[in-house]
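# Understanding the architecture of this molecule
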Amino acid sequence: MSDNTKIEWADATVNAVNGCSVTSPGCTNCYAMKQAHRFDARRGLTTKTNGGMVWTGEVRLN
Ligand code: SF4
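Below or above, wherever it landed, is the structure these notes cover. Computed from a prediction, not measured in an experiment: that's the story for all the values here.

## Here's the deal with the overall build of the chain
- The secondary structure content of the chain amounts to one helix and four strands.
- Secondary structure of the chain in N-to-C order comes out as β-α-β-β-β.
- Seen through its C-alpha atoms, the chain measures out along the principal axes to roughly 40 × 25 × 15 Å.
- Counting the 62 residues in the chain, one finds 16% classified as buried.
- Nonlocal contacts in the chain, meaning residues at least 24 apart in sequence, comprise 39% of its contacts between residues at least 6 apart.
- In the form shown here, the chain has an accessible surface area of approximately 5100 Å², with 52% of it arising from carbon and sulfur atoms.
- Side-chain charges of the chain comprise 7 positive and 5 negative groups, with the mean position of each set lying 13 Å from the other.

Given below as structure tokens:
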């Protein structure tokens, strides 16, 4: 949870769930997928392919 957000309509943010599946061409530059790939705690949520990293489809509740 973060008490510091720049989202003007929110006081705080929380990531309750991590993981997803690519569902459309709009997911091509998914920020969350790239971030998940960077963090060890989210290992297994993404996998590296010839086209770059993609979600594995696993979803975890934090
Ligand atoms: S989180 Fe990323 S992969 Fe999932 S629906 Fe949104 S853009 Fe697509």
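## Section: the pairing of strand E3 (residues 52–55)
- In this structure, strand E2 (residues 46–49) lies alongside E3, joined through four bridges in antiparallel fashion. Counterpart to Lys-48 in the pairing with E3 is Met-53.
- Count of turn residues in the E2/E3 antiparallel hairpin: two residues.

## Focus: the site of the ligand
- Taken together, Cys-20, Ser-21, Cys-27, Cys-30 and Trp-55 make up all the residues around the ligand.
- Residue composition of the shell around the ligand, by class: four nonpolar, one polar and no charged.

The rules behind these values
- Residues numbered from 1 in each chain as written.
- Predicted model: local features only at pLDDT ≥ 70, side-chain atom pairs only at ≥ 80, totals over all residues.
- Heavy atoms only, no water.
- Helix = DSSP H or I, 4+ residues; strand = E, 2+ residues; numbered from the N terminus.
- Buried < 20%, exposed > 50% of the residue type's maximum accessible area, 1.4 Å probe, protein only.
- Contact = heavy atoms within 4.5 Å.
- Areas by Shrake-Rupley, 256 points an atom, 1.4 Å probe, with all protein chains shown as cover.
- Lys, Arg positive; Asp, Glu negative; His and termini not counted.
- Charge placed at Lys NZ, Arg CZ, Asp CG, Glu CD.
- Pairing = 2+ DSSP bridges.
- Near = heavy atom within 4 Å.
- Nonpolar A, V, L, I, M, F, W, Y, C, P; charged D, E, K, R; others polar.

All we've got here are geometric facts, nothing functional implied.
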